[in-house]
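Fold and contact review
Here's the letter readout for the chains.
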Amino acid sequence: MQKNASTLTQHNRSGWLFALPGFGLMMLFIVVPFVFAIVFSMTNQRLISPNPTQFVGLENYQQLLSVNILVLEPVITATGERKQDADGNLSYPRIRTYTRNNPDYAHLQGMKEWFTWQWQDKKVAILASDPVFMKAVVNTFLFVLVVAPLQGALALALALLINQRLKGINVYRAIYFMPVVVSIVVVSILWRFIYDGQNGLLNNLLHTVSLGHLAPVDWLGNPDTALGSIMAMSIWQAIGFHMVIWLSGLQTISPTLYEAAKIEGASSWQTFRYVTWPGLKNTAVLVLIVITMQAFALFAQIDVMTSGGPLDSTQTIVFQAVERGYGKQDISGGSAISVVLFVMVLSISLLQRYFTREKK
Amino acid sequence: MSHNTTDHHRLRLVVRYTVLSLIALIFIFPLIFMLVSSLKPDHQLLADTASLRAFLPVGEISLANYYGAFERAPILLFMMNSLLVTAVTVVLSLFFCSLAGFSFVYLNWRGKGVVFSIILATLIVPFETIAIPMLLMVSKLPWIGLDGLTWGWLNSYRVQVVPFIADGLTIFLFTQYFKDLPRELIEAARVEGSSWWQVYWRIVMPLSGPIIATAAILKFLVMYNQYLWPIMVTQQEQYRPVLVGLQYFFQLNTAWGEVMAYLTLITLPVLAFYLVLQRAFIASIASTGVKG
């Protein structure tokens, strides 16, 4: 009897046989390359190199992540006064006198200026081994921090709007969703036209609306507006996707709760606050996780629209990984960036999981 | 009094439809611009961006840009490549992922928990982070084809298909769906002596229409819109998909009309597919929101 039961419930051979093709492919094409990325990141592997590959430990990571502070005192002239330029600004020694072949500052060797600011009469400089990568990290986080909440909230607003009973509402739902199915590359090329500095549709629209008062802006060519423009476009493109997820969440909320709220005389805000929102908790977590993951993988828009420019204002981590690893054929450098990104994504999803568990 | 409330009601309806329509314009205007511009000669296309004419098929309208686009690039070849790679990957993906999902839901085997956890964990690995090691790897993989054993997968269809057959999301979607199928059916079939393969092929799959459509649509979108990987692995024209074909259109003096014609051509299949299967598309995204 016991033997019989175990043959009924244990199917080791069939189980493995059915799961193995899929699982094997995933091991070969996700897990193995991922392990390779970790291994390469600790070597000096290049795509084509005359020298054999060597193990270099954490050198690539050091090269990527090293940051240092340098405080510069004003230059004192021979007469003991502070040297000033024609405009009365204090002058400071050049940063490269510290970072190039200066034995007293060996730890700064090869570093470059990331950014500086004035503190009292001193100039404080933050140096990085790889300022471009640092900018990419900052931009990526900025992108995630702006896009995730904004896209989530706007998508929810659209879902609420579309969730009413109106004739032809399905047509609107279909239109709002449309950009999702179009390739992000196609969308990026179209938006280059919209953002164009001279003949751009956006500038023309602003010109007309402001009756000619607003001067045209080169949206993608200006370091102050480039990243924001890409954020706006990215939100626009994927919002329909998240709208639909919210919509499916909304439809799981029992109508009796709404009826009860109506009988109690709740205002529409109160209904949202005490009925709709609590019912959407799980959906909210999911939307947030999906948006965050997508935002961290920001690549195609950058590649098509700005290539990281102007002045590195739209560099992102994935763009750097691809440019390094593929463009410059520096496999080890690109792999190290990939691993850093993975650690970031992993920690953030663990954090999100932790926080969402707390609330339950 | 009642006359007043119907007026009020009507006004509210007008406001609602106006708001909905204005938002719709925001979502659709780039696509209209693309379609309309593809019909205009370059000088007019650029001049028209200064006014609402950018969205209207007026002036010198012709299909000249489309003829030009076909001369500039082997569009039919790229189109066939894209459709071939996409279709083959979708079909194989549905088969292998549903098979794995079946195994996770209905079969008990040692190691199942660990294997399933690994598959779920892959969901947080962005593809771009493994693209470069994978490029190195596939460039050295063996393959047994018509001309015997060969090494290196670059410039081929297989390099665009095989790595994408199995993915965590598709397997996950199938397991979620299979869990809700009535167990009695499966048990009854087993008692009658069906093999697991027969249960899978004769009973479970015929009941899985909705999830097959869902998984197919999601995979179709991902595959047809692939960008980074095909650029890396197809140096030869013969195997290139449509998005890599875009490179033919950006030269010193970009012919924007032709670019727009090409963009329209590569977008139309997806849009047509979407408009016909709209409900299924939206349902497919909605079901990724099913809480696991």
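Fair warning: this is a prediction, and the values are worked out from it, not measured in the lab.

The rules behind each value
Residues numbered from 1 in each chain as written. Chains lettered and ligands numbered in written order. Predicted model: local features only at pLDDT ≥ 70, side-chain atom pairs only at ≥ 80, totals over all residues. Heavy atoms only, no water. Domains from an automatic or database assignment. Contact = heavy atoms within 4.5 Å. Buried area = accessible area lost by both parts, 1.4 Å probe. Helix = DSSP H or I, 4+ residues; strand = E, 2+ residues; numbered from the N terminus. Nonpolar A, V, L, I, M, F, W, Y, C, P; charged D, E, K, R; others polar. UniProt positions renumbered as here; feature names shortened; annotations may be inferred. Pairing = 2+ DSSP bridges. Axes fitted to C-alpha atoms, helices over the stretch in contact; angles between N-to-C directions. Salt bridge = Lys/Arg side-chain N within 4 Å of Asp/Glu carboxyl O. Buried < 20%, exposed > 50% of the residue type's maximum accessible area, 1.4 Å probe, protein only.

Quick look at the domain arrangement of chain A
Domain boundaries assigned for chain A yield domain 1 (67-128) and domain 2 (132-356). Using only C-alpha atoms to locate each centre, domain 1 of chain A and domain 2 of chain A end up separated by 40 Å.

A short note on the domain arrangement of chain B
Residue and element names in this part refer to chain B. Domain boundaries in chain B define domain 1 (1-61) and domain 2 (74-290). In this assembly, nine residues from domain 1 lie in contact with 10 residues from domain 2. Of the roughly 680 Å² buried where domain 1 meets domain 2, counting both sides, 78% is carbon and sulfur surface. Contact with domain 2 buries area across many residues of domain 1, yet Met34, Ser38 and Asp42 alone supply 59% of it, more than any other trio. Mapped by element, the contributors of at least two residues to the side of domain 1 that touches domain 2 are α1 (2-37) and α2 (42-48). A per-element tally of the side of domain 1 that touches domain 2 places α1 first, with five residues. Per-class residue counts for the side of domain 1 that touches domain 2 are five nonpolar, two polar and two charged.

Regarding the UniProt feature "domain: ABC transmembrane type-1" (unreviewed entry) in chain A
When the UniProt feature table is mapped to this numbering, "domain: ABC transmembrane type-1" (unreviewed entry) covers residues 137-352 of chain A. Between the end C-alpha atoms of residues 137-352 of chain A there is a gap of 20 Å, over a span that is 75% helix and 0% strand.

Some remarks on unusual backbone geometry
Leave glycine aside and you will find that most residues have negative phi; peptide bonds, for their part, are mostly trans. All names here are of chain A. For the bond from Gly309 to Pro310, the omega torsion is -15°, close enough to zero to count as cis. Within the secondary structure layout, Pro310 lies in the loop between α13 (300-305) and α14 (317-327). Residues other than glycine seldom take positive phi values, yet Ser307 does so here, at roughly 50°. Mapped onto the fold, Ser307 is located in the loop between α13 and α14. One non-glycine residue, Gln329, adopts positive backbone phi at about 55°. Structurally, Gln329 can be placed in the loop between α14 and α15 (331-358).

A few points about the sheet that holds strand β3 (residues 122-128) of chain A
All names here are of chain A. Strand order in the open sheet made by the three strands is β1-β3-β2, with antiparallel pairing throughout. Of all the strands in the sheet, the pair left with one neighbour each is β1 (67-72) and β2 (112-119). Neighbour-to-neighbour, the strand axes of the sheet open up by a mean angle of 20°, direction not taken into account. Relative to β3, β1 is paired through six bridges, and the arrangement is antiparallel. Within β3, the residue paired with Leu72 across the bridge is Lys123. Across the face of the sheet, helix α5 (residues 131-162) comes into contact with β1, β2 and β3 while running at roughly 70° to β2.

Some thoughts on the pattern of salt bridges
All names here are of chain B. By the definition in use, this model includes six salt bridges over all chains. Salt-bridge contacts for Asp48 lead to Lys40; the nearest nitrogen and oxygen are separated by 2.9 Å. Residue class for Asp48 comes out buried when judged on its relative accessible area of 4%. Assessed through its relative accessible area of 1%, Lys40 is described here as buried.

Focus: the UniProt feature "transmembrane region" (unreviewed entry) in chain B
All names here are of chain B. Here, UniProt's "transmembrane region" (unreviewed entry) annotation points to residues 14-36, 83-107, 114-137, 157-178, 199-222 and 259-277. Helix makes up 68% of residues 157-178 and strand makes up 0%, while its end C-alpha atoms are separated by 32 Å. The annotated region residues 259-277 carries 95% helix and 0% strand content, and the separation between its end C-alpha atoms amounts to 27 Å.

Some words on the interface of chain A and chain B
Contacts between chain A and chain B engage 83 residues on the former and 91 residues on the latter. Between chain A and chain B, the buried area comes to about 7,900 Å², and carbon and sulfur atoms account for 79% of it. Across the chain A-chain B interface, the total number found is zero salt bridges. At 22 residues, the largest contribution of residues to the side of chain A that touches chain B is made by helix α2 (residues 12-40) of chain A. By residue class, the composition of the side of chain A that touches chain B is 61 nonpolar, 18 polar and four charged.

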